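Next come the chains, spelled out residue by residue.
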Amino acid sequence: MKNCILNLYGVYKLEHKVINSVEALLFGSGRPIRLSEIKSILENTGLSVELSEIKRAINDLEIRYEGTSLKVTEVASGYRLQIEEDFSHILSALWNEKA
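For the structure given in this document, a descriptive report is provided here.

Scoring rules and cut-offs
Residues numbered from 1 in each chain as written. Predicted model: local features only at pLDDT ≥ 70, side-chain atom pairs only at ≥ 80, totals over all residues. Heavy atoms only, no water. Pairing = 2+ DSSP bridges. Helix = DSSP H or I, 4+ residues; strand = E, 2+ residues; numbered from the N terminus. Axes fitted to C-alpha atoms, helices over the stretch in contact; angles between N-to-C directions. Parallel < 35°, antiparallel > 145°, perpendicular 65-115°, else oblique. Contact = heavy atoms within 4.5 Å. Nonpolar A, V, L, I, M, F, W, Y, C, P; charged D, E, K, R; others polar. Core = buried A, V, L, I, M, F, W, Y, C linked by side-chain atoms within 4.5 Å. Buried < 20%, exposed > 50% of the residue type's maximum accessible area, 1.4 Å probe, protein only.

The next point concerns the pairing of strand β3 (residues 70–75). Bridge analysis of β3 against strand β4 (residues 78–83) gives six bridges, and the strand direction is antiparallel. Paired with K71 across the two strands is Q82, which belongs to β4. Linking β3 back to β4 in an antiparallel pair, the connection comprises two residues.

Below, the structure is given as structure tokens:
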């Protein structure tokens, strides 16, 4: 638990830097991304993380997005950030615009 901090309640929580870094990768990748790929990218930027910490960050993001238009989804090729189905019709206006 090297990237964890002890909160006021005596519970170890993952550092925001790890959670936010995973979130940035999910948002910016534009495609599903594997845990091992996230780990490699983060380590190449100087942030040493365990696969279990990345999975915990994804779980924290799932909680963060509850009740919003976003969700983290696991697919065969990894994890991706996507729009909740109830809001997908709103995006159709972007795809149907004429240039």
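Before going further, it helps to examine the packing of helix α2 (residues 35–44) against helix α3 (residues 51–64). In the contact formed by α2 and α3, the axes pass within 10 Å of each other and the chain directions differ by 105°. Our classification of the angle between α2 and α3 gives roughly perpendicular. Judged by residue contacts, L35, S36, I38 and K39 of α2 engage L51, I54, K55 and I58 from α3. Residues that form the contact of α2 with α3 fall into these classes: five nonpolar, one polar and two charged.

For soluble globular proteins, nonpolar side chains are generally found buried alongside one another. Among the nonpolar cores identified, the biggest contains 18 residues, and V22, L26, I38, L42, L61 and V72 are the most heavily contacted of them. When residues of this core are traced back to their parent elements, those giving at least two are α1 (16–29), α2, α3 and β4. Once residues lying within four places of it in the same chain are set aside, the contact partners of L26 are I33, L61, V72, Y79, R80 and L81.

Shape is all these values report; function is a separate question.
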